[in-house]
Amino acid sequence: MKTLKKKRDFQRVFDGGRFITKRESPIKVYALKEGTDLMVGIMIRKTVINAVGRNYTKRQIKAIFLDLEKEGFSGQYILMPTKGFVKSEFKEKKDRLRRILQNFHNKQNRNPNHRKNL
RNA sequence: CCAGAAGUUUGAACACUCGCAAGUCCUUUUAGGACUUGAGGAAAGUCCGGGCUCCAUAGGGCAAAAUGCUUGGUAACACCAAGGCGGAGAGAUCCGAUGGAAAGUGCAACAGAAAGUAAACCGCCUAGAUUUUUAAUUUAGGUAAGGGUGAAACAGUGAGGUAAGAGCUCACUUAUCUUGUGGGUAACCAUAAGGUACGGUAAACCCCGUUUGGAGCAAGAUCAUGCAGAGAAGUUGAGGCGGCCCGCUGAUUCUCGGGUAGAUUGCUUGAGAUUUAUAGUGAUGUAAAUCCUAGAUAGAUGAGUGUAGAUGAGUGCGUAAAGCACUUUGAACAGAACCCGGCUUAUAGAGCAUCUGGGAGC
RNA sequence: GGGCUUAUAGUGUAACGGAUAGCAUACCUGACUUCGGAUCAGUUGGUAGGGGUUCGAAUCCUCUUAGGCCUA
């Protein structure tokens, strides 16, 4: 797992990718299916929580994505957590993120077949 | 035992799995392995003061700003200690931007007669006039003792004195000034004599004393990468010393357009830490020994699970308190970014030692 | 890193240290109307939070909180 650091990395994801979560979801995820590596960028607003909390969520998300990498996920993601996500438990966070990524991957794999059938 | 006051220390343990940064070593070679180390008392706010770097070795004047009892401490301070004075409290103790109002200017709503070189509303007294004549009205004076207003009204009490009164006089008291004496380094305190009764506000302007050159690690130094030049001013002094003038310096500077934006250093050995001795009421100083203890760069220093578990809540036993058992909950404020000394603000809980008042027992 | 500045009713704004903190609009109540709007009458609601100076503070000083702007 690697982290997105430079401004141009973020810009590339924003240009090529799209939102894969619903509007009322507590965490917003921007995704781009590209390459075999798993890359994550994290954006937390200053108004959401103080510096200690921001670092804490960042570490938790890193730990979650390390596990997800072992399960075989790939792609480039930008995460934007809100207050609801930050205050939830570790297990909730992990389940939610895994579900989001699974949905995204299933759609990516299914869509070409779907078109052929039509 | 209850109620308070003030100080200081600490501020989340163990095991397993996975993972981050720096350094050292090893293997193989630019990846992997082993070992060691890795966030606070406030790292925060950025409110003061310094170090360090560049600009004159940081110079003079004006302006501006800060500060304001005394002595000491310190690299320095708007910090700290001890003391003086004033205020709060029954006390331990706490609070104080605490120089000058007799250099000048201003301000004081409402109320009140009057808010400052003054003042007569009611009242008191004297004289005259009129009338309804031991009284009332009115005119001219005297009067700050009494009333009422206000946050604040030119000293308080008593006696004498007087037409009535008044520091007008006297005694004691209060405040303050001058001089002397004694104590204290000093702020100041005590006391004697003589004078005075001169209001408040400077966190209003102001006056007086003291202090302050500017910029900030994106300071500054070095190496790479990249591009395209054009115009204007300038040794008859551009620009700089970021408020202005003097003074100093002495060749580049400005505008438009184009281009690159990576790395090294500064960077952690320091007004350092710990222990002991010693000087001092204390802040703090001195000496010796030992130790080296984060240096990231969108920002590392951890994540999960389990054990144990402060505290809170509930239930049961118990007359009640204390206590015991079971269930559940599962730990405050907060993240270094050049470095130090303070201040301020946030902070669950735990420990240590001290003082005051009250109650009960011996 | 270094400076400056703001906070007044739901909203937009006034206010010399002395007011019961003003004005507009919105909200609410009543009248008018068959009903609604417009109109008329009336009510509610506020100095960002602590502490100090002063007889008296929205105003002066100071700390905190939340914004905004300039600059390197």
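Source: prediction; values computed, not measured. (Residues numbered from 1 in each chain as written. Chains lettered and ligands numbered in written order. Predicted model: local features only at pLDDT ≥ 70, side-chain atom pairs only at ≥ 80, totals over all residues. Heavy atoms only, no water.)

## Quick word on the nonpolar core
General note: in soluble globular proteins, nonpolar side chains tend to be found buried as a group.
At step 1: Ranked by size, the top nonpolar core spans 18 residues in total, and within it Ile27, Val29, Phe65, Tyr77, Leu79 and Leu101 carry the most contacts.
At step 2: Listed by contribution, the elements that provide at least two residues to this core are β3 (27-32), β4 (38-42), α2 (51-70), β5 (75-81) and α4 (90-117).
At step 3: Each residue touching Ile27, except ones within four places of it in the same chain, is listed here: Thr21, Leu79, Met80, Pro81, Thr82, Phe85, Arg96, Leu97 and Ile100.
At step 4: Membership of the second largest hydrophobic core comes to 7 residues, among which are Leu4, Val13, Tyr30 and Met39. (Core = buried A, V, L, I, M, F, W, Y, C linked by side-chain atoms within 4.5 Å. Buried < 20%, exposed > 50% of the residue type's maximum accessible area, 1.4 Å probe, protein only. Helix = DSSP H or I, 4+ residues; strand = E, 2+ residues; numbered from the N terminus. Contact = heavy atoms within 4.5 Å.)

## With respect to the packing of aromatic side chains
At step 1: Summed over the entire model, instances satisfying the criterion amount to 3 aromatic pairs.
At step 2: When the centroid spacing of 6.3 Å and the interplanar angle of 50° are considered together, the rings of Phe65 and Tyr77 count as tilted. One end of the pair, Phe65, is in helix α2; the other, Tyr77, is in strand β5, and 12 residues separate them in sequence.
At step 3: Summarising the aromatic geometry, the rings of Tyr77 and Phe104 are spaced 6.2 Å apart at their centres and angled 75° between planes, so their arrangement reads as edge-to-face. Within this pair, whereas Tyr77 is found in strand β5, its partner Phe104 is found in helix α4, the two being separated by 27 residues in sequence. Residue Tyr77 shares its accessibility class with Phe104, and that shared class is buried.
At step 4: Among the aromatic residues, those joined into a ring-pair cluster are Phe65, Tyr77 and Phe104. (Phe/Tyr/Trp six-rings, centres within 6.5 Å; stacked < 30°, edge-to-face > 60°.)

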